[in-house]
Amino acid sequence: MPDRARILVVEDEPRLGEILRLYLERDGHAVTVVGDGRAAIAAVDGEPVDLVVLDLMLPGVSGEAVLTAIRERGDTPVLIASAKRSDLERIAGLRMGADDYLAKPFNPHELTARVAAVLRRSRATGSAGAVGVVDPDQAELSFDGGRLVVDAESRRYALRPTAGEPVVRGRLTPGELGLLAALARRPGAVLTRDQLLEVVTRRPDEVYDRVIDVHVANLRRKLGDDAAQPWLIETIPQTGYRLVAGRDPA
């Protein structure tokens with residue numbers, strides 16, 4: 001049985017919301033169900049939760065706006081469960097910061113399995129010694145003589161772009177950290193998208209294959225890495241990615 005978690009379900013269909021509550025409570029979780037976007041934001045502000053199951057087609061405040069509000073407040077894992085099911089819509093949700101995306105209609109058993117997987121990944125990347133995500137010698141990741149330093153436990157980074165420029169600070173998502181740590185374990189080696197998927201999603205399908213590209217694009221945006229002249233991550237066409245930055249000794 002999965003470890004107990006506090007889960008917020010945001011679903012405007014009362015019957016489906018109660019079904020999800022029942023299945024998640026059977027797994028031992030503490031579940032709160034709300035039916036609109038404003039109530040969802042108020043719930044996130046009121047009590048800390050470990051995961052949000054989020055519908056997108058909500059009355060009043062949209063699910064996309066709720067996801068944006070959650071990301072502005074922190075890195076609480078979000079699993080989108082929505083009738084918006086096209087590849088473009090799913091990729092857009094993942095790009096906005098969702099950790100997983102399940103298109104309606106779905107089997108509640110699949111949702112509980114996805115919830116368990118997202119919780120495992122979130123808890124693993126919250127621990128500096130997580131097996132398969134961050135090795136014990138990777139409690140701090142440092143590249144190019146301290147140009148980029150990432151604390152694996154907090155996922156916070158400090159970027160020193162060039163001499164004389166101010167330090168840029170921020171925080172990576174669990175998926176971004178997992179991908180960067182995987183590349184850092186084998187600097188210079190080409191890792192395929194399938195290999196990186198094992199770290200980031202463990203879901204081998206077309207949409208999730210493309211989410212690796214989304215994570216890399218987000219890392220480049222945050223860390224000032226130019227795809228045309230990369231200092232950190234190089235794209236290997238039709239294959240995957242490799243770390244080109246020098247890895248500093250631990």
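For the structure, check the block above.
Note that this is a predicted model, so its numbers are computed, not measured.

Asks: Before we go on, may I ask you to explain the sheet that holds strand E2 (residues 30-34) in this structure?
Replies: By way of backbone hydrogen bonds, the strands of a sheet pair with one another, either parallel or antiparallel. Sheet architecture is open: five strands sit in the order E2-E1-E3-E4-E5, paired in parallel fashion. Strands at the two margins of the open sheet, each flanked by one partner only, are E2 and strand E5 (100-103). Neighbour-to-neighbour, the strand axes of this sheet turn through a mean angle of 15°, independent of strand direction. Across three bridges, strand E3 (residues 51-54) lies against strand E4 (residues 78-82) in parallel orientation. Note that in E4 the partner of Val52 across the bridge is Val78. Docked against the sheet, helix H4 (residues 87-95) engages E4 and E5, running at close to 150° with respect to E5.

Asks: In this structure, what is going on with the sheet that holds strand E7 (residues 148-151)? I would like to understand it.
Replies: A sheet is described by the order of its strands in space; here four strands give the open sequence E6-E7-E8-E9, paired in antiparallel fashion. The open sheet has two edge strands with one neighbour each: strand E6 (140-143) and strand E9 (168-171). Recorded for the sheet is a direction-independent mean angle of 15° between the axes of neighbouring strands. Taken together, the four bridges between E6 and E7 define a ladder with antiparallel strand orientation. When the bridges of E7 are listed, Glu140 appears paired with Asp151. Contacts between helix H6 (residues 174-185) and the sheet are confined to E6 and E7, with E6 contributing the most and set at about 65° to the helix.

Rules and cut-offs
Residues numbered from 1 in each chain as written. Predicted model: local features only at pLDDT ≥ 70, side-chain atom pairs only at ≥ 80, totals over all residues. Heavy atoms only, no water. Pairing = 2+ DSSP bridges. Helix = DSSP H or I, 4+ residues; strand = E, 2+ residues; numbered from the N terminus. Axes fitted to C-alpha atoms, helices over the stretch in contact; angles between N-to-C directions. Contact = heavy atoms within 4.5 Å.

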